[in-house]
Amino acid sequence: MSDNIEEIQKSVRKYIIIGIALLALSGFTVWLSTVELPTHGLNILVGMIVATFKASLVALIFMHLNHERPVIYKVLAFTVAFAIVLFVLFILSAQDPLVFEGFYNRNE
Amino acid sequence: MSAAATSHEHAQDHHAHDHHEPGFLRKYVWSTDHKTIGIQYGITGLLFLLFGFFLMLLMRWSIAYPGVPLPAIAEIRAIPGLGDAFESMFGRWMNADGSLNGEIYNMLGAMHGTIMVFFGIVPLGFAAFGNFVMPLQIGTIDMAFPKLNMLSYWFFFISGVLMVYSFFVGTGPVQTGWTMYSPLASTTGIGVTSVWAHGHTWWLTAMVFNISASLLGSVNFIATIINLRTKGMTWMKMPFFCWAMFVIAFLLLLAFPPLEVAAILQLSDRVFGSSFYLPTGLMEGGKHLDISGGGSPLLYQHLFWFLAHPEVYVLILPAFAILSDVIPCNARRPLWGYKSLVYGVLTLGFLSFLVWAHHMYLTGMGTMMSTYFQITTVLISVPSVVLLTCLMVSLWGGSIRFNTQMLFASAFLPMFGIGGLTGLPLAFAFIDLALHDTYYVIGHFHYVVAPGTIFALFAGVYHWYPKITGRFMSDRLGKWHFWPSLIGMNLVFAPMFIQGMAGFHRRWYDGGKYFENTSGFQNWSTTLTHNIGGFFGFNIPDNMLSLNIVMSVGAFILALGQVPFIINFWFSIKGGKKIENDNPWGATTLEWATPTPPPHGNFLFEPVAHRGPYEYSVPGHGADFFPQWETEQGKPETKPTADKALAKH
Amino acid sequence: MDIPYTVTSRPDTGLYNAKIGIWLFLASEVMLFGGLFSAYIFLRVGADYPWPVWDLDVKLGFWNTVFLIISSVTVVMAWASIKLRKYTQYKLCMLATIACAAIFMVNKSMEYAKKFQHYAVKLTDGTILTGHLPHGYQVKFENVDALELTIVGSNKAVDADPVNHVLSSVVGDVPKFKFPSGEEKELNKATFGELRKSMRDAAFAKMQDERAKMIEAAEKAASVATTDFAKYEAARKLTIAKNYHSLSDTKVKLIPSAPLKIAAKPSQFFGYTDTSLTFVDGTIATGKLVDDKMTLEVDGVDTRAVAQSEQSLAFDHRYLGEGWQKAFVANRDHHIADFEKKYPTRDKAKSATLQKESLFFKEFHSAEPPAAGEAHGGKHGAEAHAPADSHGHEAYHPTVVIEKKDITFFSNFTPKLNTYYAIYFTLTGLHGLHVVAGAGVLAYFLFFNGRMLREDPEHLANRVEVGGLFWHFVDLVWIFLFPLLYLL
Ligand code: HEM
Ligand SMILES: [Cu+2]
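Predicted model only: the values in this text are computed from it and were never measured.

Undergrad: Please explain the overall build of chain A as it appears in this structure.
TA: Each helix and strand in chain A was counted, giving 4 helices and 0 strands. Ordering the α and β elements of chain A from the N terminus gives α-α-α-α. When the 108 residues of chain A are sorted by exposure, 42% land in the buried category. For chain A, the exposed surface amounts to about 6200 Å²; the carbon and sulfur share of it is 69%.

Undergrad: Could you clarify how one ought to interpret the interface of chain A and chain B in this entry?
TA: How big an interface is tends to be reported as the loss of accessible area on association of its parts. Counting residues at the interface gives 14 residues for chain A, matched by 20 residues for chain B. For the pairing of chain A and chain B, the buried interface totals around 1600 Å² over both sides, and the portion due to carbon and sulfur atoms is 85%. On the chain A side of the interface with chain B, the three residues burying the most area are F82, F90 and D96 of chain A, jointly 38% of the side's total. At the junction of chain A with chain B, the criterion picks out 0 salt bridges. One can count 0 residue pairs in polar contact (both at pLDDT 80 or more) joining chain A with chain B. The class makeup of the residues in the side of chain A that touches chain B is 11 nonpolar, 2 polar and 1 charged.

Undergrad: Sorry, what's going on with the domain arrangement of chain B here?
TA: Residue and element names in this part refer to chain B. What the domain assignment reports for chain B is domain 1 (33-277) and domain 2 (579-649). Domain 1 and domain 2 are separated by 37 Å when their C-alpha centres are compared. Facing the 21 residues of domain 1 at the interface are 20 residues of domain 2. Taken over both partners, the interface formed by domain 1 and domain 2 buries close to 1400 Å², and the fraction arising from carbon and sulfur atoms is 58%. Among the residues domain 1 hides against domain 2, the three largest losses belong to L136, K231 and K237. Together they make up 35% of the total. Taken together, the links from domain 1 to domain 2 amount to 0 salt bridges. Here domain 1 and domain 2 share 11 residue pairs in polar contact (both at pLDDT 80 or more) between them.

Undergrad: Looking at this structure, I do not really get helix α1 (residues 17-46) of chain C. What am I missing?
TA: For the α-helix, the turn length of 3.6 residues means that residues three or four positions removed from each other point alike. Between the first and last C-alpha of α1 of chain C there are 43 Å, a value that for 30 residues agrees with the 44 Å anticipated at 1.5 Å per step. For α1 of chain C, the tally of buried residues reaches 24 of 30 residues, placing the bulk of the element in the interior.

Undergrad: Can you walk me through the nonpolar core in this structure?
TA: In terms of nonpolar packing, the biggest core is built from 316 residues, with F240, F241, L323, W356 and F412 of chain B together with Y90 of chain C touching the most fellow members. If sequence neighbours within four positions are ignored, L323 of chain B has contacts with P328, L391, A409, F412, A456 and A459 of chain B. In this structure, F279, A314, W324 and A327 of chain C belong to the second largest nonpolar core, which totals 52 residues.

Undergrad: Is there a simple way to think about the coordination of the copper ion (ligand 2) in this case?
TA: Around a metal, the perfect tetrahedron of four donors has angles of 109.5 degrees, and the perfect octahedron of six donors has angles of 90 or 180 degrees. Residues and elements named next belong to chain B. Within the protein, the atoms that donate to the copper ion (ligand 2) are H309 (ND1), H358 (NE2) and H359 (NE2), at distances of 1.9 to 2.1 Å. Each donor residue of the copper ion (ligand 2) belongs to the same chain, with the gaps between them written as H-x48-H-H. The two metals, the copper ion (ligand 2) and the iron atom of ligand 1, are separated by 4.5 Å. Its relative accessible area of 12% is what places H358 among the buried residues. For H359, a relative accessible area of 22% puts it in the partly exposed group.

Undergrad: Sorry, what's going on with the packing of helix α11 (residues 297-331) of chain B against helix α13 (residues 367-394) of chain B here?
TA: Each packed pair of helices is defined by two parameters, the angle between the axes and the distance between the axes. All names here are of chain B. At a minimum axis distance of 9 Å, the contact between α11 and α13 shows a crossing angle of 15°. In this view, α11 runs roughly parallel relative to α13, as classed from their interaxial angle. Read as a crossing pair, α11 and α13 show a hand that is left-handed. The segment α11 lies against α13, with H309, Y313, L317, F320, L323, S324, I327 and A331 engaging I380, S384, L387, L388, L391 and S394. Grouping the constituent residues of the contact of α11 with α13 by class yields 10 nonpolar, 4 polar and no charged.

Undergrad: What exactly am I supposed to notice about the coordination of the iron atom of ligand 1 here?
TA: Looking at the protein side alone, the iron atom of ligand 1 has one donor only, H444 of chain B (NE2), at 2.1 Å. Relative to the helices and strands, H444 of chain B resides in helix α16 (residues 439-469).

What counts, and at which threshold
Residues numbered from 1 in each chain as written. Chains lettered and ligands numbered in written order. Predicted model: local features only at pLDDT ≥ 70, side-chain atom pairs only at ≥ 80, totals over all residues. Heavy atoms only, no water. Helix = DSSP H or I, 4+ residues; strand = E, 2+ residues; numbered from the N terminus. Buried < 20%, exposed > 50% of the residue type's maximum accessible area, 1.4 Å probe, protein only. Areas by Shrake-Rupley, 256 points an atom, 1.4 Å probe, with all protein chains shown as cover. Contact = heavy atoms within 4.5 Å. Buried area = accessible area lost by both parts, 1.4 Å probe. Salt bridge = Lys/Arg side-chain N within 4 Å of Asp/Glu carboxyl O. Polar contact = N/O pair within 3.5 Å; in protein donor to acceptor, adjacent residues only side chain to side chain. Nonpolar A, V, L, I, M, F, W, Y, C, P; charged D, E, K, R; others polar. Domains from an automatic or database assignment. Expected span 1.5 Å × (residues − 1). Core = buried A, V, L, I, M, F, W, Y, C linked by side-chain atoms within 4.5 Å. Donors = N, O, S within 2.8 Å, 3.2 Å for Na, K, Ca; no water. Axes fitted to C-alpha atoms, helices over the stretch in contact; angles between N-to-C directions. Parallel < 35°, antiparallel > 145°, perpendicular 65-115°, else oblique. Left-handed = near helix turned anticlockwise from the far one by under 90°.

As C-alpha cells, this is what we get:
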C-alpha cells in the first residue's frame, strides 16, 4: 500500500462504499436462496458466485490485493491452485468409483 | 554453543560489544537466537530418533522371535526389589513371560512411525539444520520473527511431551499405525470410560501442537529467505540448501493444514461422537455403533495423504540440501547443474501436491482417477532423478576427501537410488494392488528415509559440528560409525523386498510365523541364509521366516553402530580436535565467514555475496575455493565494518 | 542489533517482514479452511440423508454477517486513520471492530446454546422427531441390590471406578455399602481406594505364592533330573516360573444396605437389560428396569426418509395420532399443489425445498391438532397465527412418550446428530476461535500499544494493517460460511 496521504484519504470513501455494497449483496444472497431455481445445484452455484464476488471485493479492496507486490501474488496463486486441487480431486475421486460391470454382468 | 568452547579472537572481540549478557534461561531455554533454537531442535530430534529406534528394536525382536521373552528380562525381574519396580513400570508392556503380544506390537509400530517421521526426521532435517544454517548462509543476523521461532520450538516440545505421555494413559498409545486410518482409529477404545484414557486422543492433540509448530517454523523460514537475504545474495546466488529449505517450508505451510483438519475431524469423531469418517451402518463386535453414520473413511485418507505425500518430500529434501553442501565441499568441485537442481526442486515441490492418491489405489478408485495419479507419480520421479544425478555428477573429476561426512554422503547416493527405483513399480496401480501394505512398501520407503535421509543427516552433523562447537568430531570413530551403519541398514531393509514380493503383510507382529509350513516359501535368499547360518554353526531354517532373523540381526548391528556416534558426539564437545580457523573444510558459503561459534548477531562484518555459492577449484584463483564473501582482493576487513554494521541499526 | 525491515520495506521486494509473514500465514489458513470446505463438499455429495437446508436461524446468521462486514470496514478505517494521524478516529474504529466481534460471539453462543437443548430422535422406520426433552432422558432402575465390579490385577486396562461413574446417577440418599470384608461403609474415594489396594495386594500375594510354588516344583524337578532332556526341561520350566508375573483380576460385589434407585443418562452407561445396567466403567448394577421411555415435546416431524410419509410411525396412535396426521397430510398436499402451480414443468422429487416444506412438518401451533377441515397449512396462514418456531415462544408442542424399542438413534443438535451438524460445528467453531483470536490481537494493539502510537505510529500502522489483514480473512471465510451453512 502506498503511503501517499491523499490516496489514503480518497480510499476511505471507497471503503465505506464497498462496505455498503457488501451489506447489500448479503441481503441479495438471502433473497436469492428463497428463489427456487430449476435445480438446487443451480441455487448453490449462483450463491457461490455471489459469495466469491463478495470475497473478491474484500480481498481486493480491504486487503489491498488490487495493488500488491509480485511475491505475494505468487504465493497466493500457488495456494489457490492447491486449494482447488483439494476440492476438485477429492470430488472427482469420490465420483469415480471402480465399476466391475463386465465382470458381474457376464452371464446376464 | 558456550563461549568457553573456544578462545577465538573474534568471539572475544564480540563479547566486548555485548553489554547485557542474557541470563542462562534467556540464552539456552527461552532463546530467540536461531542458532540456539536450531541446536535445541537438533538435540530433541536426535533423542526422539534414538527413542523411535529403540521401539523398532523391540518390534524386530518380536518379529524374529515371536513369543520368546525379551533378552535379559528374566534377569532384570529376578533382581530383588528392583524387579518389582521394573514390573510395575514396564509390566504392562509385556506378557507375563516377558514376550510382546500383538497389541503392544501395534502400539510400538504406530509410535515408531509417528515419532520417526514427525518428531525425528522433520525436526532434525528442517528445523534443526534449517534454523542453524539457513540464516547464516543468506547472511542475516537472525530469523525474521525470532519470537515465533522460539514459540515454534516450544510447541514442538509440548507436542513431544504429549506424545510420550500417551504411553502412560489408561489403554496405552495408539495402535492404528502412523497413518491412523479411520474408522478403526475413530472407534478403537471408544467404550473406554473417558476419551482421555485412550492414547489416541493424546496422539491427535499432540499432532495439533506439532502442526502448529511447523506452521510457525515455515512462515518464518519463507519470510526470512524472501526478505532478509544480504547484499548481493540474489536468488540465483543462494546456496541450494536454502532453496531446498524454501521449498520444504512451502510444503509444510500448505500441506500440513489439511492434516490438521483430518486430526480435528477425527478428534471430533472421538470426543463428540460425530461421524465424519464413519459410514452408515458401521458395526463393531456384532453391534451397531451408537453413531449417526453418513461419513466416509475415504475422506480421512484423502486429507491424510494430501499431507503425507508432500511430507515424504519434507523427509527427503533436507538430505539433498545437506549433501549439496557436503559433496561439492569435499569433492572440491562446483555443484554440477545448480540451475537444474533449483528448478528440479521447485518442480518437485509443485508436483508433490498432485500425486497423493497413489497411496490409495486399493480403495476402489476408478480407472480415470488412478490413471491420473499414475501419470503424476511417474512424472514426479523425473525431478527426483534430476536431483540425484546432479549430485552424482558433481563427484566426477573431483579430488574427493573421504572424511566421515563424505562417506555418508557417497553412501546416500546408491541408497536413495534403490529407494527411488523401488518406488517406481509402486506407482503403477496394477503392481501396487499386489504390493500394497506388504514389506515391499516398507522396504521402499525405509531405503529412502533410513540409509537415505538419516545418512545425510549424519553427514550434516559431522559437517557443521566444527562450526557449532569449534571442534572436529573424531574421524576414526566416525568410520566406526559409518561402516556398521551401512551394513546394518542394508541387512535390515534389503530382505524386505524379497519378503514383500512373497506377500508378507507389513503389520504381522509374529513376522508370519503362522505360515511357517506353507510350501513355496523358499528361494535363493533363504537358502543362502540357511547355508551361511550353517557355516557358522547356527541352525537357521530354509524359509522366508529366516529373513526375519537376518533383518533383526541387522537391526542389532545398526544399534551397535550408533554407539561410536553417541560417544563421538558428546565427547568431542570438550575433547575433539580444535579447529585452526573459522573455515576448517575450506568451504565457500557464508556460514563459514562467521566466528566460531557464531555469536549473537552472527557476522562481524556486513557479508556480501560476491559470487555463486560453489566456487571450488576456480581456474586462476590461488586457493582451491573462492568463498562468496571474499572480494577479488581478499577477505573483507572485519573490525571496522563490524562497528559500522552495528552503528547502522 | 535489530532485524532489518521490521518497519520499513525492503526495496527489492517492497515488503516489510510482518506483511510477508501474515500473508504466508493466511495462505496456510486458506488451506486449512480449504480442507474443511472440501470435507464439507465430500460429506454433502456423499450424504445418504436429506442435507439440511435453511435449518439454522437465518436471521441470526444474517445479522452476524452484517456485524462482520461492518467490522471489516472499521478495521481498515482504523489503519487509514493512523496513516492520516487521526488518533481519536483510530481508537473509535478499533473499538467498533472489537465491539462487533463481541456481538458476533454473543450471537454465536446463543445459537449454540439453543442447539444443545434441542433433540432429534430417529425412529425405526426412519422418521425423525425433533423437540425438547422436558426431563432429560434417563433410564431408571429400582431395587438395585448389588454393584458388581472387576478390579484388574495389573494396570493394563481401565479400571472400575463406581465412585465417579455410578454414584452420580443414584436417586436420593446414597446408603452405606457392604464391602467384601463384611463391613458396612460409605462408598467414597478413600474407601474404594482402600478396597482396590487390598484387592491388588491380594492378587500380588497370590501371584507370588504361585510363583514360589512353580519355582519350587521346577527346582525339585531339576534336582531329580537325570537325562539331558529332563534337565533342559526343568531349566526351561524354572525360567518360566521365575518370569511368572500374571496378576489375576478380582470380581467384587458391593451390596447396598438399602435397595438403590438409579436414573442414568445415556452417556453414563454402555447398555442395559431388564435386570442389569452396565456403566461405562464396567460396573454392573443388578435390579429391575422400571422406565426407559423418552418424553419428547415434539416440534417437528421429518418424514423425508419414510417411503409413505403419512404412514410414519410418528402418527401411530401411541404417538401423535390421527388428528396430526390429517394436519400433516393437508400441509403436505398444500405445498405440493402450490409447487405444481408455480413450477408446472419441474420434477417434484428433485426440489430439496419442496421435500423439506412438505415432508418436514413443523406446524404445531396448539397442543391439540386443528379440527378436521380447519387445517390451514401453508406459510402465510402459519405466520398469521403464531411466530415461527425458531423464535422459541408461543409454540405449543404436543408431548409424546416414545418407547425405547422404537428408537434407533437420538442426539441433541450437536456434532453427533449427523454430518451436517458435525461440519457446522467444526466450521463455525474454528471460525469463532479465529474471531476471538483476531479480536484479542486488535484489542492488544488498541490497549497496550499506546506508546507506540505516539512514538512510532508507522510501526503501529504496520501492526494494525497486519492484524486487519487477518480480520478481513476471518470476514472472508464467513462470507462463504453463511450461504453454505445457513442458506443453501
Ligand atoms: C522417487 C519416486 C517415488 C515414487 C514413484 C514413490 C511411489 C510410492 C508409492 C506408489 C507408494 C505407495 C505404496 C503403497 O502403499 O502401496 C509409496 C509409499 C511410500 N513412499 Fe514412496 N515413492 C517415491 C519416493 C519416495 C520418497 C523420496 C520418499 C521419502 C521419504 C518416499 C516415502 C514413502 C513412504 C513413507 C511410503 C509409505 C507410506 C505408508 O503407507 O506408510 N517415497 N511410494
Ligand atoms: Cu507418496
